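Structure at a glance
Next come the chains, spelled out residue by residue.
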Amino acid sequence: MAVWFYCTRLSEFSSTGFLSSRVFPGIFNGHCQLKFVNFEAQENTVSHETQGLSKTHLVVRRGKPFKITLVFDGRVLNPPSESLMLEVRLGRYKLLLHAIFFQFCKNPSHSQAWSAIIAQENIHFQSVTIHVCSPVLSSVGLYHLLLHIKDSQIRVNYALGHFALLFNPWLKDDPVFMPLDVHIQEYVKSDYGLIYMGTHLNVCKRPWSFGQYEPGVLEACLQLLQVSPQHLSDKHLDYVLRSDPVYISRVICAMVNCNDDMGILEGRWQGSYKSGTKPTEWSNSADILNLWVSSQCSPVRYGQCWVFASVLCTVMRVLGIPSRVVTVFNAAHDSDSNVKITEFYTSRGEKLGVSKDSIWNFHVWVECWMRRPDLGTEFDGWQVVDPTPQEKSAGVFCCGPCPVAAIQRRYLGTPYDAPFIYASVDADVVRLIVRDGVVVGRTVDTECVGQQIYTKSVDSDRPENLTHKYKGMKKISQSTVRRGQRSGNNKYFSTKLLHSSFPGVEQMFKLLFFL
């Protein structure tokens, strides 16, 4: 016989307001029964550097143990005749059900498998404390936690609650590992930022609140993953690939704009803003994310590049991926992937509107920190991710992640979208003088684009100049440019190519969750 129990009432709150315990009814005299579970919120959130991220869910980081305490009614478990089983679920489908058996021992668990360990000193008369640890390459998301108590006659099942699992930039084996704690404080934990705007000759700055500790923000970020086209089309595959920050950054980048999906922001660069909010009036990502959730995932009006980038930065920091907002002054928009900006003029110097190429006085995107095992260690580090809908990448309005190192070295065949990003910071501007339909003059400006590239300095309001990180040698063969066309960088948005790139998806899934 099997019996299910769910939470019946709240028993207590921690000082932060987080639900720390759940109480269960007691029946079945003579059998081990769960009275309540304590999620040890204060200790876990301090240990996992997740204080303030949620008042409704336990938030922990992958690859690091967290503990829960089970309090029993009358007596503790009797190991010879009774057994406990913890179960974590990601999603509501049996395909995603992962059982975890734990043993009464101190031996560490296998680093590639979920584990639940009860040390001898954590067994008391009416309670046990369990240390649960996920693999370092676990998928991020909202997990369901369940408990099963079984003896020779009956199995009793308890739905304990939920916990959110995030990336872990403090852990060396995590692909988002960042060596210096001062950088983690700036690029993950800080909710304050500066956006640089204006022109390269007149740089101004405006503050921005990333708002990752505001109520509802973490839940909005998790919901963003749940309504992505990748999740809606193949939940199982999406859950598996969520272990990869490259995949996550590409999915979130596309979801920040609403051009292809149930994304967060609708862009507008001209005309009236009466049906929404002017982009210049936004200063807080939390307001935008909460408005998106309250409107049942309808796009928030309106955003421009710095708004798109700031919201993306918030989501990535919430999920645990180090991120920063970057401004490029004199940023080019290369519409035909030839890494040149072509302008046409009359002989009197009047500009002709016959080219789709353009140059913005400034453009804002995001850099995210991660390793790139798909490319090699030389491309680890900062990656450009641009959520402003400009050109499609593999049929979707997103851009990146592309290693900054690849842009500096002009490795334009590097995924993702290297030619477009390179042109944004270092394209040649070709100016053609036309008379009676004939080109009568031509100049090439190699210095105009990417005059300065700024981000906020660590622990300071001064700008950090990143220009030298992007701009290197300009000689490259045309064949290399062709190999890097945006339409070819579609690993995570083409099911056929994705499966060929991950032939062991099912094996990976079983390995990570160790059924």
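Data block above holds the structure.
The sections below set out a description of the structure shown in this document.

Rules behind the numbers
Residues numbered from 1 in each chain as written. Predicted model: local features only at pLDDT ≥ 70, side-chain atom pairs only at ≥ 80, totals over all residues. Heavy atoms only, no water. Helix = DSSP H or I, 4+ residues; strand = E, 2+ residues; numbered from the N terminus. Buried < 20%, exposed > 50% of the residue type's maximum accessible area, 1.4 Å probe, protein only. Contact = heavy atoms within 4.5 Å. Areas by Shrake-Rupley, 256 points an atom, 1.4 Å probe, with all protein chains shown as cover. Pairing = 2+ DSSP bridges. 1 Å grid on protein atoms, 1.4 Å probe; cavity = no way out; pocket = protein on both sides within 12 Å on 5 of 7 lines; lining within 4 Å. Points joined across faces, edges and corners; volume = space filled by probe spheres on them. Nonpolar A, V, L, I, M, F, W, Y, C, P; charged D, E, K, R; others polar. Core = buried A, V, L, I, M, F, W, Y, C linked by side-chain atoms within 4.5 Å. Axes fitted to C-alpha atoms, helices over the stretch in contact; angles between N-to-C directions. Parallel < 35°, antiparallel > 145°, perpendicular 65-115°, else oblique. Left-handed = near helix turned anticlockwise from the far one by under 90°.

Counting its secondary structure elements, the protein contains 14 helices and 26 strands. Here the protein holds 515 residues, and the buried ones make up 56% of them. At a minimum sequence separation of 6, the contacts of the protein that also span at least 24 residues come to 65%. For the protein, the exposed area adds up to about 21800 Å²; of that, 53% sits on carbon and sulfur atoms.

This next bit is on the sheet that holds strand β23 (residues 428-435). Within the open sheet, the four strands sit side by side as β19-β18-β23-β24. Their pairing is mixed. In this open sheet, the two strands that pair with only one neighbour each are β19 (351-352) and β24 (438-445). One ladder, built from two bridges, connects strand β18 (residues 340-346) with β19; its direction is antiparallel. Across the sheet, Y345 pairs through a bridge with K351, a residue of β19.

Throughout the structure, instances matching the rule amount to two cavities of 30 Å³ or more. Taken as a whole, the largest cavity spans an internal volume of roughly 70 Å³. Only α2 (181-189), β13 (192-199), β17 (323-333) and β25 (452-456) provide two or more residues apiece to the lining of the largest cavity. Looking at which element gives the most residues to the lining of the largest cavity, the answer is β13, with three residues. Taken together, the residues of the lining of the largest cavity break down into five nonpolar, two polar and four charged. Taken as a whole, the second largest cavity holds about 50 Å³ of empty space. In terms of lining residues, the second largest cavity is bounded by E49, T50, Q51, L53, R61, V188, K189, Q212, Y213, R317 and V318. Counting only elements with at least two residues in the lining of the second largest cavity, the list comes to α2 and α8 (305-319).

With seven of ten residues buried, helix α3 (residues 217-226) lies mostly within the body of the structure. All of the buried residues along α3 are V217, L218, A220, C221, L222, L224 and L225.

Core analysis: the biggest nonpolar cluster contains 66 residues, and I252, L265, I288 and W306 have the highest contact counts within it. No other element matches the twelve residues that α8 contributes to this core. Residues within four places of W306 in sequence aside, it is in contact with I195, M197, R206, W208, P279, T280, F362 and V364.

Take α2 next. All of the buried residues in α2 are I184, E186, Y187, V188 and K189. For α2, the elements touching its buried residues are β5 (58-61), α8, β17, β21 (381-385), β25 and β26 (463-465).

As for its placement among the helices and strands, P322 is situated in the loop between α8 and β17. Looking at P322, the relative accessible area reads 0%, which means it is buried. Along the chain, P322 and W369 lie 47 residues apart, while their C-alpha atoms are 5.3 Å from each other. Excluding anything up to four places from it in sequence, P322 contacts P169, V176, M178, Y187, V188, E367, C368, W369 and W382.

Moving on: the pairing of β17. Of all eleven residues in β17, eleven are buried, a share of seventy percent or more. In this structure, β17 lies alongside strand β20 (residues 358-370), joined through ten bridges in antiparallel fashion. In the strand pairing of β20, V325 is matched with V366. Summarising the sheet, β17 and β25 pair through four bridges and their orientation is antiparallel. What sits directly across from T327, in β25, is Y454.

The strand order across the open sheet built from six strands is β22-β21-β20-β17-β25-β26, with neighbouring strands paired in antiparallel fashion. On the outer flanks of this sheet lie β22 (402-403) and β26, each paired with one strand and no other. Two strands pair when backbone bridges link them, and β21 and β22 are joined in this way by two bridges, in the antiparallel orientation. By the bridge assignment for β22, V384 is matched with C402.

A few words now on the packing of α3 against helix α7 (residues 285-294). In contact at an axis separation of 9 Å, α3 and α7 are set at 55° when each is read in the N-to-C sense. Classed by the angle they form, the pair α3 and α7 counts as oblique. Helix-helix and strand crossings are classified by hand; for α3 and α7 the assignment is left-handed. Where α3 approaches α7, its residues V217, A220, Q223 and L224 are matched on the opposing element by A286, L289, N290, W292 and V293. Classifying every residue of the contact of α3 with α7 gives seven nonpolar, two polar and no charged.

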